[in-house]
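Structure assessment
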Amino acid sequence: MQIYNTLTRTKEEFEPIEDNHVRMYCCGPTVYNYAHIGNLRTYIFEDILRRALLFNGYKITHCMNITDVGHLESDADEGEDKMEKGAMREGLTVWELARKYESAWMEDMNRLNIERPEVICRATEHITSMINLVQKILDNGYGYIAPGAVYFDTTKFPKYADFAHLDLSGLQAGAGGRVQLLGEKKHPNDFALWFLNKPRHIMQWDSPWGPGYPGWHIECSAMSMQYLGDQFDIHCGGVDHIPVHHTNEIAQSEAASGKPFVKYWMHGEFLLVSKTDDDKKTDKNTQEEAAKMSKSSENFLTLQVLIDKGFDPLAYRYLCLQAHYRSELRFSWDTLQSAQNGLRRIYTLTADSDPLSDEESFKAARDEVLSALNDDLNTPQMVGLLNRHNSFKLWREFDPILGLNIEARSRRDDGELPVEVQALVDERNQARKSKNWALSDDIRNKLIDMGYEVGDSPTGTTVKKKLL
Ligand code: AMP
Ligand code: ZN
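The rules behind the values
- Residues numbered from 1 in each chain as written.
- Chains lettered and ligands numbered in written order.
- Predicted model: local features only at pLDDT ≥ 70, side-chain atom pairs only at ≥ 80, totals over all residues.
- Heavy atoms only, no water.
- Helix = DSSP H or I, 4+ residues; strand = E, 2+ residues; numbered from the N terminus.
- Rg over C-alpha atoms; globule rule 2.2 N^0.38 Å.
- Buried < 20%, exposed > 50% of the residue type's maximum accessible area, 1.4 Å probe, protein only.
- Areas by Shrake-Rupley, 256 points an atom, 1.4 Å probe, with all protein chains shown as cover.
- Lys, Arg positive; Asp, Glu negative; His and termini not counted.
- Charge placed at Lys NZ, Arg CZ, Asp CG, Glu CD.
- Core = buried A, V, L, I, M, F, W, Y, C linked by side-chain atoms within 4.5 Å.
- Domains from an automatic or database assignment.
- Contact = heavy atoms within 4.5 Å.
- Salt bridge = Lys/Arg side-chain N within 4 Å of Asp/Glu carboxyl O.
- Phe/Tyr/Trp six-rings, centres within 6.5 Å; stacked < 30°, edge-to-face > 60°.
- Lys NZ or Arg CZ within 6 Å of the ring centre and 35° of its normal.
- Donors = N, O, S within 2.8 Å, 3.2 Å for Na, K, Ca; no water.
- Near = heavy atom within 4 Å.
- Polar contact = N/O pair within 3.5 Å; in protein donor to acceptor, adjacent residues only side chain to side chain.
- Nonpolar A, V, L, I, M, F, W, Y, C, P; charged D, E, K, R; others polar.

**Focus on the overall build of the protein**
Looking only at helices and strands, the protein features 16 helices and 18 strands. At 24 Å, the protein has a C-alpha radius of gyration in line with the 23 Å of a compact globule built from 468 residues. Overall, the protein is about 75 × 50 × 50 Å in size when its C-alpha atoms are taken along their principal axes. Scored against the burial criterion, the 468 residues of the protein give a buried share of 53%. Entry remark: accessible area of the protein is about 20600 Å², with carbon and sulfur atoms responsible for 50%. Across the protein, 54 positive and 71 negative side-chain charges occur, with their mean positions spaced 3 Å apart.

Following this line, the structure appears as structure tokens:
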């Protein structure tokens, strides 16, 4: 597989550190609000990467964090605490708020057919690891303690600017005439590892430096190293994480371990939306008028809004597959509608009279699609090829990567159910006979997720293919 590595700004042949076993970390959600469809685009990209690695025969340990400790509105340790602000807004405790949006996020993941990482870890349950890591950074001489926080001293880490190609000259205090509000920080890029003396902050833990709470960046360093080791293969996130969050993660982790942290960094580009709410204008707008979808602007679309407008979550997944993960994607209702129409057409394909009926042509087409995948996850090219071949068998072959539920959704005649659906129906009938209502409900939800309407009749469960 060729993948683009942000670290070297080139496409590279992927070779895991440990034979055949890939260890991968993806920055997860901050659970103070619903995920918007821009965030979801990034999780879809990471899911495609995960599935592509599995398809290529690798074993994988994939770890994702849940940021449930408040972090400040700006990446640079400034502004209000997002969690506390959200809790106030909703009349919940910060803990209730975190659980509410964690569940909502899980539901979005399920609806988009995003596979669950092997490890999902909450920041609040890893405070000790974070404290230990901060201690190590201090012991190694890379940090200092000020009244308001323990800081990372970025001047002690000469490679600090390399990852994001930062130009620090204009940022150094006193240089270039730019006024910097340093406060107690020694240098403008120094960042908090552990906040101190914030008595009004609700979430607090004891630490060797006094009660307080962790900085945002230390969470990801501590949890990724705990589950994946000091050095691992792939670290992902959105492009916004390059200049601050991931730059700081590298500094912290390498200061603590003395070793190169991650071999391949991969970043997903933004989903853009028009600055106006007017659907018609969205399509006509120029690139300049489109803005990054963001949570803090309070102007964002959730998956639920798409569903309420009659869109299938998998149509959004299909839309994302039509753009390369390293290109910006402009969202509009028209393109979502086209994606839904396209998907609906794919679902009408069946194995009967398949254009790739002989083994040789099937194999040639399969190789072609696979090389598109392995060329830095070129999903738009894959989708183009699959649409050109118009073969049910080929779509089904790549569904373990694309995750469009081709097999389950494609048969329209309800008399003949796909085997896995029939198996679930049988299992549910069994569960109802033994009055196991929880299991019966679980299976019902599973069937609904697979695109079926589920009913109960005197003879047992009935299922009917839901039309898009
Ligand atoms: P957050 O919950 O804000 O920490 O973001 C979760 C993930 O979504 C991160 O990997 C971000 O880089 C990514 N992200 C944020 N905004 C967008 C956007 N407009 N398009 C794509 N990804 C985004
Ligand atoms: Zn992170």
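After that view, the rundown keeps rolling.
**Some thoughts on the environment of L72**
Residue position: L72 is located in strand β5 (residues 72-74). Owing to a relative accessible area of 12%, L72 belongs among the buried residues under this scheme. Residues L72 and W216 lie 144 residues apart in sequence; the distance between their C-alpha atoms is 8.1 Å.

**Section: the nonpolar core**
If you look at the biggest cluster of nonpolar residues, it comprises 136 residues, and the most contacted ones within it are L53, I234, L306, Y316 and F331. The greatest single-element share of this core, amounting to nine residues, is contributed by helix α1 (residues 37-55). Taken domain by domain, this core gets at least three of its residues from each of domain 1 (2-268) and domain 2 (294-409). Y316 has contacts with I37, G38, L40, R41, I44, L112, L271, L306, F331 and L336, leaving out every residue within four places of it along the chain. A408, V425, M450 and V463 belong to the second largest nonpolar core, which has 10 residues in total.

**Focus: the pattern of salt bridges**
Any two side chains of opposite charge can pair, given that their charged atoms come close. Here the structure, examined in full by the defined rule, presents 25 salt bridges. Residues participating in the shared-partner salt-bridge network are D47, R50, R51, E115, E118 and R317.

**Some words on the packing of aromatic side chains**
Within the structure shown, the criterion is met by 17 aromatic pairs. When the ring of F45 is compared with that of Y325, the centres are 4.4 Å apart and the planes differ by 5 degrees; the resulting orientation is stacked. One end of the pair, F45, is in helix α1; the other, Y325, is in the loop between α9 (313-321) and β16 (329-330), with 280 residues separating them in the sequence. Judged by relative accessible area, F45 falls into the buried class, the value being 6%. Each member of the aromatic cluster is reached from another via a ring pair, and the members are F163, F232, F261 and W265. Over the ring of W333 we find K309, and its NZ or CZ is 4.6 Å from the ring centre. Sitting over the face of the ring of Y4, R326 holds its NZ or CZ atom 3.9 Å from the ring centroid.

**A closer look at the coordination of the zinc ion (ligand 2)**
For the zinc ion (ligand 2), the full set of protein donor atoms is C27 (SG), C220 (SG) and H245 (NE2), at a range of 2.0 to 2.2 Å. Here the donor residues of the zinc ion (ligand 2) share one chain and are spaced in sequence as C-x192-C-x24-H. One end of the pair, C27, is in the loop between β3 (21-26) and α1; the other, H245, is in helix α6 (residues 242-257), with 218 residues separating them in the sequence. Each of the two residues, C27 as well as H245, counts as buried.

**Looking at the site of ligand 1**
Around ligand 1 sit 18 residues in total, of which G38, T42, D240, L271 and M293 are the nearest. Contact between ligand 1 and T30: an oxygen atom at 3.2 Å from a main-chain N or O atom of the residue. For ligand 1, the protein covers 94% of the area, taking 490 Å² as the surface of the free molecule. Elements represented by at least two residues in the shell around ligand 1 include exactly α1 and β12 (232-238). Ranked by residues supplied to the shell around ligand 1, first place goes to α1 with four residues. In the shell around ligand 1, the residues fall into five nonpolar, nine polar and four charged.

Fair warning: the whole summary comes from geometry, so function is off the table for now.
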